[in-house]
Amino acid sequence: MNFWNPYLETLPREELDKIELCYFKRTFSHAKEYSVLYREKLEGIDLRDVKTPDDIKKIPLTDKEELRRYQEMEPFPYGGTLGRSIDEVTTFRQTSGTTGKPVYVPETYESWQWRIEVWCHILYMAGFRPRHRVFLPFGYNVYVAFWEAHYASEKLGCELVPGGALDTKGRVHKIIEIRANGMMNTPTYGLHIAEEAKNMGIDPASLGIERMLCAGEPMPEATRRRLEALFGCHVFDHIGGTEPCAWAGMCEAKEGLHIIEPFFLVEILDRETLQREVEEGEIGVAVVTPLGRRSFPLIRFNTKDLVIKGRETCPCGRTSRKIKEVVGRTDDLRKIRGVLFSPKTVEAAVRHEFPEVVEFEILVERKGIMDEITIRTEVAPGLSGQEIDQLRARLRENLKVKTNLSFHVQMEPPGSLPRYTLKAKRFKDMREIRND
Ligand SMILES: [Zn+2]
């Protein structure tokens, strides 16, 4: 069986569109009735005016800042974002707070089960099956994705091994000890586990991992392939967030990500106006409406994720819409010396062409009136001085071609750059202090 839900995953396009419009209306009226945020935001918009997908485009977007603002109200800590009575809430989650004050996310048992079901689609699509013993190399804390991965693995029939309260070396030992054959992690942490295993004299490919699901950071294709080569396994990507849930995942064809329909209505809008739906192959901002979560309703949530719209057919037979690639966050796109710059371009180049680079960090500073960009680079031990000089020159040249910017290349001693377990922060723009 190739599908977790053969009926939903192969519905004709027109059927999916019909169902999503119907679910959207239901979400709209629930939100307007139960959440203070949407009672105020949707005032003056009547459900009877929402007859076609075009009508949906007239409804205002929701952003993170609004969620934060409405959470200042009672009842603590969810305030006006609650879509059910606070007594029905059974689980507390929150965002990581990397861009400011965290958003608190209430889940009732019903809403939580909805999230788990979405995750079953993502895991099954990535080939996870009951034969897999899945190692989750993290302490979960209040962060939603690990809990979702945990419970969805159980629901799917995998055997889940929680890997909290261990250091990376301890986790490598645990993988070997219990013969784990599946893993879920950030791309950065996957690379770090491989590095640590090598330091211990263990080839990561000998660990026996067959399948890896990645999340948490935009993953360039070069990084995905590097992980596949290091572990000798299949690596899959997915995208989501704490507020809307994971909303798209990679199937075994590994050609972009399927939107999990009809659980989400996903619009990909041009980033200048945030109004027009972009064409296939074009870049846009993902705007997501989860179509079944009542405890924390969201309507047209601006994820600030930049994605390239994909084609609508896939060799796997699923009929859902696809995104071709996750480009990054709108927050990460910067103008440097007048050139539009995305940190993902540097990661793609480094992972693809410089296997000797173990870790790196990009620093943008203003010196006088000029912006200066530096890549701090940590290389594998054992390179000679001459090899390091050549590497420095190759990096400078390669990055100049890829980004149109001249980089300072700074070499750092082994182990000096930070290793991230959750979201990597390799890009530091020191020119401004932002408060979003
Ligand atoms: Zn597919």
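Structure shown above.
Just so you know, these numbers come straight off a predicted model, no measurement behind them. (Residues numbered from 1 in each chain as written. Predicted model: local features only at pLDDT ≥ 70, side-chain atom pairs only at ≥ 80, totals over all residues. Heavy atoms only, no water.)

What about the environment of Asn 181?
Then comes step 1: Mapped onto the secondary structure, Asn 181 falls in the loop between helix 8 (168-178) and strand 5 (182-185).
Then comes step 2: With a relative accessible area of 12%, Asn 181 lands in the buried category.
Then comes step 3: Spatially, the C-alpha atoms of Asn 181 and Pro 297 are 36 Å apart, while their sequence positions differ by 116 residues.
Then comes step 4: Polar side-chain contacts of Asn 181 include one of 3.5 Å to the backbone oxygen of Arg 131. (Helix = DSSP H or I, 4+ residues; strand = E, 2+ residues; numbered from the N terminus. Buried < 20%, exposed > 50% of the residue type's maximum accessible area, 1.4 Å probe, protein only. Polar contact = N/O pair within 3.5 Å; in protein donor to acceptor, adjacent residues only side chain to side chain.)

Some remarks on the sheet that holds strand 4 (residues 159-162)
Then comes step 1: Read from one edge to the other, the open sheet built from 11 strands follows the order 4-3-5-6-7-8-9-13-12-11-10, with strand pairing classed as mixed. Two strands close off the open sheet at either side, each with one partner strand: strand 4 and strand 10 (264-269). Taken pair by pair, the neighbouring strands of this sheet meet at an average axis angle of 35°, ignoring direction.
Then comes step 2: Across the sheet, helix 8 lies against strand 3 (133-136), strand 4 and strand 5, angled at about 170° from strand 3, the strand it touches most. (Pairing = 2+ DSSP bridges. Axes fitted to C-alpha atoms, helices over the stretch in contact; angles between N-to-C directions. Contact = heavy atoms within 4.5 Å.)

Section: the coordination of the zinc ion
Then comes step 1: Of the protein atoms, only Cys 251 (SG), His 258 (NE2), Cys 314 (SG) and Cys 316 (SG) coordinate the zinc ion, at distances of 2.1 to 2.3 Å.
Then comes step 2: Here the zinc ion is ringed by four donor atoms whose angles at the metal span 103 to 117°, and the overall shape comes out tetrahedral.
Then comes step 3: Mapped onto the sequence, the residues coordinating the zinc ion show the spacing C-x6-H-x55-C-x1-C.
Then comes step 4: Exposure remark for Cys 316: the relative accessible area of 21% places this residue in the partly exposed category. (Donors = N, O, S within 2.8 Å, 3.2 Å for Na, K, Ca; no water. Tetrahedral: all angles 85-135°; square planar, octahedral: opposite > 155°, others 65-115°.)

With respect to the environment of Thr 403
Then comes step 1: Assignment of secondary structure puts Thr 403 in helix 12 (residues 385-403).
Then comes step 2: The spatial distance from the C-alpha of Thr 403 to the C-alpha of Arg 321 is 31 Å, given a sequence separation of 82 residues.
Then comes step 3: Dropping the residues within four chain positions of it, Thr 403 is found in contact with Val 339, Phe 341, Thr 345 and Val 346.
Then comes step 4: In this structure the side chain of Thr 403 is engaged in a polar contact, spanning 2.6 Å, whose partner is the backbone oxygen of Leu 399.
Then comes step 5: In this structure the side chain of Thr 403 is engaged in a polar contact, spanning 3.2 Å, whose partner is the backbone nitrogen of Leu 405.

Some remarks on the side chain of Glu 359
Then comes step 1: Summarising the element assignment, Glu 359 is placed in strand 16 (residues 357-367).
Then comes step 2: Under the relative-accessibility criterion, Glu 359 is labelled buried at 5%.
Then comes step 3: At 2.5 Å, the side chain of Glu 359 and the side chain of Arg 426 are in polar contact.
Then comes step 4: If we ignore the near neighbours within four places in the chain, the residues touching Glu 359 are Arg 351, Arg 376, Thr 377, Glu 378, Leu 417, Pro 418, Arg 419 and Arg 426.

Some details on the pattern of salt bridges
Then comes step 1: Going through the model one piece at a time under the given rule, you end up with 49 salt bridges.
Then comes step 2: A salt bridge links Glu 221 to Arg 224, with the shortest nitrogen-to-oxygen separation between them at 2.8 Å. In this pair, Glu 221 and Arg 224 both sit in helix 10 (residues 221-231), three residues apart, roughly one turn of the helix.
Then comes step 3: The class of Glu 221 is partly exposed, set by a relative accessible area of 35%.
Then comes step 4: Judged by relative accessible area, which is 4%, Arg 224 ranks as buried.
Then comes step 5: Here Lys 344 makes a salt bridge to Glu 325, at a shortest N to O gap of 3.0 Å. With a gap of 19 residues between them, Lys 344 in helix 11 (residues 343-353) and Glu 325 in strand 13 (residues 322-329) connect regions that are remote in the sequence.
Then comes step 6: Accessibility expressed as a relative area gives 11% for Lys 344, which makes it buried.
Then comes step 7: Here the salt bridges share partners, and the residues they tie into one network are Arg 13, Asp 17, Glu 261, Glu 312 and Arg 321. (Salt bridge = Lys/Arg side-chain N within 4 Å of Asp/Glu carboxyl O.)

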